[in-house]
Every structure is written in C-alpha cells, then in structure tokens.
Amino acid sequence: MEKIEFIGEDGEKAEFYVLEQTTVGGISYILVTDSEEEDGEALILKDLSETEDTEAHYEIVSDDDELNSLGRIFAELLESVDIV
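Residues numbered from 1 in each chain as written. Predicted model: local features only at pLDDT ≥ 70, side-chain atom pairs only at ≥ 80, totals over all residues. Heavy atoms only, no water.

Participant: Would you mind going over the pattern of salt bridges with me for this structure?
Facilitator: Two side chains of opposite charge can pair, provided their charged atoms sit close to one another. Applying the stated rule across the entire model yields two salt bridges. For E15, the salt bridge is made with K3, and the minimal N-O distance between the two is 2.9 Å. One end of the pair, E15, is in strand β2 (residues 13-24); the other, K3, is in strand β1 (residues 2-7), and twelve residues separate them in sequence. Here E15 falls in the partly exposed class, since its relative accessible area comes to 40%. (Salt bridge = Lys/Arg side-chain N within 4 Å of Asp/Glu carboxyl O. Helix = DSSP H or I, 4+ residues; strand = E, 2+ residues; numbered from the N terminus. Buried < 20%, exposed > 50% of the residue type's maximum accessible area, 1.4 Å probe, protein only.)

Right under this line is the structure:
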C-alpha cells in the first residue's frame, strides 16, 4: 500500500495510505486511510490542483451527496471492503 504525506494549511503533517483512486467527471479522487490495519479511518480526498501547480492540493470530500456517490464507486472498486 502506498503511503503519502500531507501538509495541512497549518503546517501540520499527516500520513495516509492510499487504498484506491478514481476519476469522476474529470476530477481525481483518492480513498485513503490512516492505518495499514483494518480498523483505520477512511477519507475520500478530492484533487483540486491546477495544471500549473507543482504540488497536489487535496481537500476532504464533505458534501454528503458527493461522498455517498463516491463511496459507492470506491466500494465497487474494492469489492471486499465495506466503506459505505
């Protein structure tokens, strides 16, 4: 599982493991977890980077409709993991 580091707007660092990624409507999303173990917290992150950006800019998906739609997509991609 790939591990990536994020730096928040406050400069605080956080590490996540990428479970899956997908693109919907031209927007990239990644499903990440804070633990390699089964009981970690999962988040869906939306890539808000512009083409000229040198680093990726992700935001946590918080809109319930968007989150539910993406949750179903990621559930299908992972099949054996219940994330919805």
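Participant: I would appreciate a short explanation of the packing of aromatic side chains in the present structure.
Facilitator: What describes a pair of aromatic rings is the distance from one ring centre to the other and the angle between the planes of the rings. Counting across every chain of the model gives two aromatic pairs. Centre to centre, the rings of F6 and F16 are 5.7 Å apart; their planes meet at 70°, and the pair counts as edge-to-face. A residue pair is termed long-range when its members are at least 10 positions apart, and F6 in strand β1 and F16 in strand β2 qualify at ten residues. When its relative accessible area of 18% is taken as the criterion, F6 is described as buried. On the accessibility criterion, F16 (14% relative accessible area) is buried. (Phe/Tyr/Trp six-rings, centres within 6.5 Å; stacked < 30°, edge-to-face > 60°.)

Participant: Which parts of the structure should I look at to understand the environment of I60?
Facilitator: Residue placement: I60 occurs in strand β5 (residues 58-60). Exposure remark for I60: the relative accessible area of 46% places this residue in the partly exposed category. Here the alpha-carbon distance between I60 and L31, two residues 29 residues apart in the chain, equals 10.0 Å. Contact partners of I60, with chain neighbours within four places excluded, come to L43, I44 and L45. (Contact = heavy atoms within 4.5 Å.)

Participant: Looking at this structure, I do not really get a negative patch on the surface. What am I missing?
Facilitator: A surface patch of like charges, here negative, comprises E9, D10, E12 and E59. Locating E9 in the fold gives a position in the loop between β1 and β2. Residue classification places E9 among the exposed residues on the basis of a relative accessible area of 87%. (Patch = residues over 30% accessible without salt bridge, like charges linked within 9 Å, V, L, I, M, F, W, Y side chains within 5 Å. Areas by Shrake-Rupley, 256 points an atom, 1.4 Å probe, with all protein chains shown as cover. Lys, Arg positive; Asp, Glu negative; His and termini not counted. Charge placed at Lys NZ, Arg CZ, Asp CG, Glu CD.)

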